[in-house]
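# Architecture at a glance
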Amino acid sequence: MIQVTPQMRILVAVEPVDFRKGIDGLAGMCKSLQMDPFNGYLFVFRNRGGTSLKLLVYDGQGFWCCQKRLSKGKFRFWPKAGKVLHPLAAYELQAIQWNKDPGKAPLWRPLT
């Protein structure tokens, strides 16, 4: 299980990738983007259709790779092209995973 913490460094690959790639293929994509996949960053990838996300992270012992595929529709919010990699905060990644607008996601909410 991947636990996303507020301290985690998250990078989104803005361009879609071929989702036939597994851990080794995604790690190779990180290297082609001039990033070391062993550095502890959580990398987020999207497929061409915009219906699935894959997360890749190295935890010091091995790689974790997980996928989320929407049953209906597409992920509506994604960083715009311009940069190859886009940094995200943990709350923004959670908003994207829930198909919500990360720009409208609160940094925190009071406990009631």
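The preceding data block contains the structure.
All values reported here derive from a predicted model rather than from experimental measurement.

## Re the packing of aromatic side chains
Following the criterion strictly, the structure yields four aromatic pairs and no others. Seen from their ring centres, phenylalanine 38 and tyrosine 58 are 4.9 Å apart, and the 75 degrees between their planes marks the pair as edge-to-face. Highlighted residues: phenylalanine 38 in the loop between helix H1 (23-32) and strand E2 (42-46) and tyrosine 58 in strand E3 (residues 52-58), separated in sequence by 20 residues. The exposure class assigned to phenylalanine 38 is partly exposed, which follows from its relative accessible area of 44%. Each ring, one from tyrosine 58 and one from phenylalanine 63, has its centre 5.1 Å from the other, and the planes form 65 degrees; the classification is edge-to-face.

## Here we look at the side chain of asparagine 99
In this fold, asparagine 99 is placed in the segment after helix H2 (90-97). Reaching out from asparagine 99, the side chain makes a polar contact with the backbone oxygen of lysine 74 at a distance of 3.2 Å.

## A closer look at the pairing of E2
Of all five residues that make up E2, five are buried, and the element is covered over most of its length. Neither face of E2 is left uncovered, since the one carrying Leu42, Val44 and Arg46 and the one carrying Phe43 and Phe45 both have all their residues buried. Inspection of the sheet shows strand E1 (residues 10-13) paired to E2 by three bridges, in the parallel sense. Counted as the bridge partner of leucine 11 is phenylalanine 43 from E2. Here five bridges tie E2 to E3, and the two strands are oriented antiparallel to one another. Note that in E3 the partner of phenylalanine 45 across the bridge is lysine 54. In sequence, E2 turns back onto E3 through a hairpin of five residues, with glycine 50 there showing a positive phi of about 75 degrees.

## Some remarks on H2
Taken together, the buried positions of H2 are occupied by Ala90, Leu93, Ala95 and Ile96. Packing partners of the buried residues in H2 comprise E1, E2, E3 and strand E5 (85-88). Downstream of H2 by a residue or two, asparagine 99 has a phi angle that is positive, lying close to 60 degrees.

## Some remarks on the environment of asparagine 39
Assignment of secondary structure puts asparagine 39 in the loop between H1 and E2. Of note is the side chain of asparagine 39, whose polar atom sits 3.0 Å from the backbone nitrogen of tyrosine 41.

## Description of the sheet that holds E3
In space, the five strands of this open sheet follow the order E4-E3-E2-E1-E5, with mixed pairing throughout. Lying at the two open borders of the sheet, with one neighbouring strand each, are strand E4 (63-69) and E5. Averaged over all neighbouring strand pairs, the angle between strand axes comes to 25 degrees, with direction disregarded. Sheet strands touched by H1: E2, E3 and E4. Its angle to E3, the strand with the most contacts, is close to 80 degrees.

Calculation notes
- Numbering of residues begins from 1 in every chain and follows the order in which that chain's sequence is written.
- Thresholds applied to this predicted model are a pLDDT of at least 70 for local features of residues and 80 or more for the giving and counting of side-chain atom pairs; totals over whole chains, interfaces and linings are not thresholded and use all residues.
- Water and hydrogen atoms play no part in the side-chain values, which are based on all heavy atoms of the structure.
- Only centres within 6.5 Å qualify two rings of Phe, Tyr or Trp (six-membered ring in Trp) as a pair; their planes then separate them into stacked at under 30 degrees, edge-to-face at over 60, and tilted for everything else.
- Secondary structure follows DSSP: runs of H or I at least 4 residues long count as helices, runs of E at least 2 residues long count as strands, and numbering of each begins at the N terminus.
- Remark: exposure states derive from per-residue accessible area (1.4 Å probe, protein chains only) relative to the maximum for the residue type, with buried under 20%, exposed over 50%, and partly exposed in between.
- By the criterion applied in these results, polar contacts are pairs of N or O atoms within 3.5 Å in which, for protein atoms, one can donate a hydrogen and the other can accept it, and in which residues neighboring in sequence qualify only through two side-chain atoms.
- The pairing criterion is simple: DSSP has to find at least two bridges between the two strands.
- We call two residues in contact whenever any of their non-hydrogen atoms come within 4.5 Å of each other.
- With axes taken as lines fitted to C-alpha atoms, and helix axes fitted only over the stretch in contact, angles between N-to-C directions fall between 0 and 180 degrees.

No statement about biological role is implied by the geometric values presented.
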